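Structural overview
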Amino acid sequence: MGTWNSRGLRGSFLEELINLTIEKYHTQHLALIQKIPTPITPMKIDKETRHITLAYFEQKSTVDYIGVVQGVPVCFDAKECQTDSFPLANIHEHQYEFMRDFEEQDGVAFLIIYFKERDSFVYLPFKKLREFWERRESGGLKHFKYDELDPKYSISTYSGTFVHFLEPLQLDLDSRG
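Residues numbered from 1 in each chain as written. Predicted model: local features only at pLDDT ≥ 70, side-chain atom pairs only at ≥ 80, totals over all residues. Heavy atoms only, no water.

Attention now moves to the packing of aromatic side chains. According to the stated counting rule, one finds 15 aromatic pairs in the structure shown. With centroids separated by 5.1 Å and ring planes inclined at 55°, the aromatic side chains of Phe76 and Phe165 adopt a geometry described as tilted. A residue pair is termed long-range when its members are at least 10 positions apart, and Phe76 in strand β5 (residues 72–81) and Phe165 in the loop between β11 (161–164) and α4 (166–175) qualify at 89 residues. Since its relative accessible area comes to 0%, Phe76 is described here as buried. For the pair Tyr123 and Tyr153, a centre-to-centre distance of 5.7 Å together with 15° between the ring planes defines the contact as stacked. In this pair, Tyr123 sits in strand β8 (residues 120–125) while Tyr153 sits in the loop between β9 (143–145) and β10 (156–158), placing the two residues 30 residues apart along the sequence. In this structure Tyr123 comes out as buried when scored by relative accessible area, which is 1%. (Phe/Tyr/Trp six-rings, centres within 6.5 Å; stacked < 30°, edge-to-face > 60°. Helix = DSSP H or I, 4+ residues; strand = E, 2+ residues; numbered from the N terminus. Buried < 20%, exposed > 50% of the residue type's maximum accessible area, 1.4 Å probe, protein only.)

This is the structure we're talking about:
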């Protein structure tokens, strides 16, 4: 039996937890957020199982999630990181630009990062991502460390909500004035 190429499944643990969370938010009438599928074109389909065995991406995707929370437009991407160092290369230029443009339209953009080594979820406001991005663009570090993140943006997992990001979202909104 062949081995699975797990690269395509990176982030699936985090995304599954986020999907459960946004489903709960929806049933509680707190938010309406959708997972944005990555557009693909199938090249080969197994006739027996009807599964796609080969495909290519039609276009660059934007972010993983988009929606509205209590009247506030939000978009965010889910990222997983094995260690305490998050490579900015994990964020594509077009994703960064989409989040920047979203913020310019008075939306709120952010990342939810799962640091596996720490078993910790963190909300990264776009403002902080922009600082790291600009630092890299000016010849600085091509990553950021867990310790550079504000601990108040840690995401709790309680009361049946796996990745409860509404609290750090509120902190982000409060910091905007």
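After that view of the structure, there is still more to cover.
This brings us to the layout of surface pockets. The gaps of empty space that remain are located by a probe, the size of a water molecule, rolled over the atoms. What the second largest pocket holds in volume is close to 330 Å³. Around the second largest pocket, the lining is made up of 18 residues, and of these Pro125, Lys127, Lys128, Tyr153 and Ser175 lie nearest the centre. Of all the secondary structure elements, the ones that give two or more residues to the lining of the second largest pocket are β8, α3 (126–137) and α4. Looking at the lining of the second largest pocket residue by residue, the classes come out as seven nonpolar, one polar and ten charged. (1 Å grid on protein atoms, 1.4 Å probe; cavity = no way out; pocket = protein on both sides within 12 Å on 5 of 7 lines; lining within 4 Å. Points joined across faces, edges and corners; volume = space filled by probe spheres on them. Nonpolar A, V, L, I, M, F, W, Y, C, P; charged D, E, K, R; others polar.)

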